[in-house]
Amino acid sequence: MSINTVHPPDLGTPSYVQGLRGHPEAWRSVVAVVAGLTAFAAVVFGAAIPLGIALDRLLGVTPFDPLHPSFTIGFWVGGNLLLAMMIPICMLVQRVVHGVPYGSLSSVAGHFRWRLLLRIAVVVLPVWAVVTVVLQLFRPAGDSVFTRQHIILVAVAVITVPLQSAGEEFLFRGLLFRAIGAPFRRPLVSLGVAGVATSVAFALFHGADNGWTLAYYLVSGVAFGLMTQFSGGLEASSLVHAANNTFLLIPTILAGQLSSLSAVTGPILLLPMIVMAAMTVIVRRRAGHHGSVAALGD
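Residues numbered from 1 in each chain as written. Predicted model: local features only at pLDDT ≥ 70, side-chain atom pairs only at ≥ 80, totals over all residues. Heavy atoms only, no water.

Here we come to the pattern of salt bridges. All chains considered together, the criterion is met by three salt bridges. Put simply, Arg113 and Glu235 hold a salt bridge, and the shortest N to O gap is 2.7 Å. Of this pair, Arg113 sits in the loop between α3 (86-98) and α4 (114-138) while Glu235 sits in helix α8 (residues 235-254), and the two are 122 residues apart along the sequence. (Salt bridge = Lys/Arg side-chain N within 4 Å of Asp/Glu carboxyl O. Helix = DSSP H or I, 4+ residues; strand = E, 2+ residues; numbered from the N terminus.)

So, about α3. Between the first and last C-alpha of α3 there are 17 Å, a value that for 13 residues agrees with the 18 Å anticipated at 1.5 Å per step. For α3, the elements touching its buried residues are α1 (26-59), α2 (73-84) and α5 (148-181). Gly99 sits one or two residues past α3 and shows a positive phi near 65 degrees. (Expected span 1.5 Å × (residues − 1). Contact = heavy atoms within 4.5 Å.)

Evaluation of the coordinates by the stated rule reveals nine aromatic pairs. Aromatic side chains Tyr16 and Phe177 sit 6.4 Å apart centroid to centroid with 25 degrees between the ring planes, which places their arrangement in the stacked category. Residue Tyr16 is located in the segment before α1, and its partner Phe177 is located in helix α5; the two are separated by 161 residues in the primary sequence. Comparing Tyr16 with Phe177 shows no difference in burial state: the two are buried. (Phe/Tyr/Trp six-rings, centres within 6.5 Å; stacked < 30°, edge-to-face > 60°. Buried < 20%, exposed > 50% of the residue type's maximum accessible area, 1.4 Å probe, protein only.)

Ranked by size, the top nonpolar core spans 57 residues in total, and within it Val124, Trp128, Met227 and Val240 carry the most contacts. Of all the elements, α5 adds the most residues to this core, at nine residues. Discounting chain neighbours no more than four positions away, the residues touching Met227 are Gly233, Ala236, Ser237, Val240, Met276, Met279, Thr280 and Val283. Residues Trp76, Val77, Ile253 and Leu258 belong to the second largest nonpolar core, which totals ten residues. (Core = buried A, V, L, I, M, F, W, Y, C linked by side-chain atoms within 4.5 Å.)

Attention shifts here to the environment of Gly174. Mapped onto the fold, Gly174 is located in helix α5. Separated by 60 residues in sequence, Gly174 and Leu234 place their C-alpha atoms 7.0 Å apart. When near neighbours in sequence (up to four residues on either side) are disregarded, Gly174 contacts Tyr16, Leu105, Glu169 and Leu234.

Before going further, it helps to examine the packing of α1 against α2. A pair of packed helices is captured by two measures, namely the crossing angle of their axes and the spacing between those axes. At their nearest, the axes of α1 and α2 sit 7 Å apart, and the two run at 140 degrees to each other. Considered as vectors, α1 and α2 are oriented oblique to each other. Regarding α1 and α2, the two cross each other, and that crossing is right-handed. Where α1 approaches α2, its residues Phe40, Val43, Val44, Ala47, Ala48, Ile49, Leu51, Gly52, Leu55, Asp56 and Leu59 are matched on the opposing element by Ile73, Gly74, Phe75, Gly78, Leu82 and Leu83. (Axes fitted to C-alpha atoms, helices over the stretch in contact; angles between N-to-C directions. Parallel < 35°, antiparallel > 145°, perpendicular 65-115°, else oblique. Left-handed = near helix turned anticlockwise from the far one by under 90°.)

Moving on: the environment of Val97. Summarising the element assignment, Val97 is placed in helix α3. Taking relative accessible area as the criterion, Val97 reaches 9% and is therefore assigned buried. The spatial distance from the C-alpha of Val97 to the C-alpha of His23 is 9.2 Å, given a sequence separation of 74 residues.

With that out of the way, let us pick up a nonpolar patch on the surface. On the surface, a cluster of nonpolar side chains totalling about 340 Å² of accessible area is made up of Leu81, Val158, Ile159 and Leu163. Of all the elements, α5 adds the most residues to the nonpolar patch, at three residues. With respect to the helices, strands and loops of the structure, Leu163 is situated in helix α5. In this structure Leu163 comes out as partly exposed when scored by relative accessible area, which is 36%. (Patch = residues over 30% accessible without salt bridge, like charges linked within 9 Å, V, L, I, M, F, W, Y side chains within 5 Å. Areas by Shrake-Rupley, 256 points an atom, 1.4 Å probe, with all protein chains shown as cover.)

Let us now look at the packing of α5 against helix α7 (residues 211-231). The contact between α5 and α7 brings their axes to 11 Å, and the two run at 65 degrees. Crossing angle aside, the handedness with which α5 passes α7 is right-handed. Contact with α5, carried on its side by Glu169, Arg173 and Phe177, involves Gly221, Phe224, Gly225, Thr228 and Gln229 of α7 and no other residues of that element. Looking at the contact of α5 with α7, its residues break down into two nonpolar, four polar and two charged. (Nonpolar A, V, L, I, M, F, W, Y, C, P; charged D, E, K, R; others polar.)

So, about the confidence of the model for the protein. Mean pLDDT over the protein works out to 87, with 89% of the residues at or above the 70 mark. Predicted confidence for residues 1-12 stays below pLDDT 50, and this span has 17 contacts to residues more than four positions away or in other chains. Taken as a whole, residues 292-298 scores under 50 in pLDDT and shows 19 contacts with residues more than four places along the chain or in a different chain. (pLDDT = per-residue confidence, 0-100.)

Further remarks concern α7. Helix length check: α7, at 21 residues, gives a terminal C-alpha distance of 30 Å against a target of 30 Å (1.5 Å per residue), a fit within 8%. When α7 is considered as a whole, its buried residues turn out to be Thr213, Tyr216, Tyr217, Ser220, Gly221, Ala223, Phe224, Gly225, Met227, Thr228, Gln229 and Ser231. Close packing links the buried residues of α7 with α4, α5, α6 (187-205), α8 and α9 (270-287). A side-chain oxygen of the first residue of α7 lies 3.0 Å from the backbone nitrogen of Trp212; this N-cap is Asn210. Gly232 occupies a position one or two residues after α7 and carries a positive phi of about 80 degrees. (Polar contact = N/O pair within 3.5 Å; in protein donor to acceptor, adjacent residues only side chain to side chain.)

See the structure below:
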């Protein structure tokens, strides 16, 4: 059957997590999850390494060595751009498996809502700027150096890190979130199961290897899921995810520590966890009527 002939029944406007209930069969969810994770693994473990090596050689730096992994510039940029490819990949998987429009993965409105993004950005960006300053007071990355190379790398981060963050959101809070939630009739059950499952997967992907980082990624995953559900789309979670990653990375780049980048851990992570929870409340309020179509039913 041609994918263009698949027409799910008109069920009104469902909440985001139940946006695929037009075809709630469990096998569709399994296929969508397996396809999404397989594509993700191919991007991260397959394409990113050769692309990173090629970019490093092009830039004239020591290329990424899979046997002795380090955070090279080429591997970083290539990885960011490849993760952005998860956006169209996830849209395609959703379309083929569930037969819904590509744009419905962005939001229940059927497209990416840039005005809503701006409404939330005026609050989110200043808050994360303050969080970054506070974190630097307790865990400084080092003295900032404003050379031409450092400024170029900051510009690259501002451009590519949001793409990488959005790619992760379209997979974890988009395709996987909806595919896992689709078989459940009750919205609260759907949200709970999908939220927990995708948050655990999110933490595992980021290699959480101790209690503090595990808690941080679990809290972040739950917060992103709630932001997505409350706002009815991926704009808010993509923005907060990108703001977190970009603002925290810039001091590291300016200190010339990109090659030795490592995850922050310890009690200091309580601050971003608290901010993530606060961001969830802010998104709920700033979404206004945009979130009403994603309200939880009985």
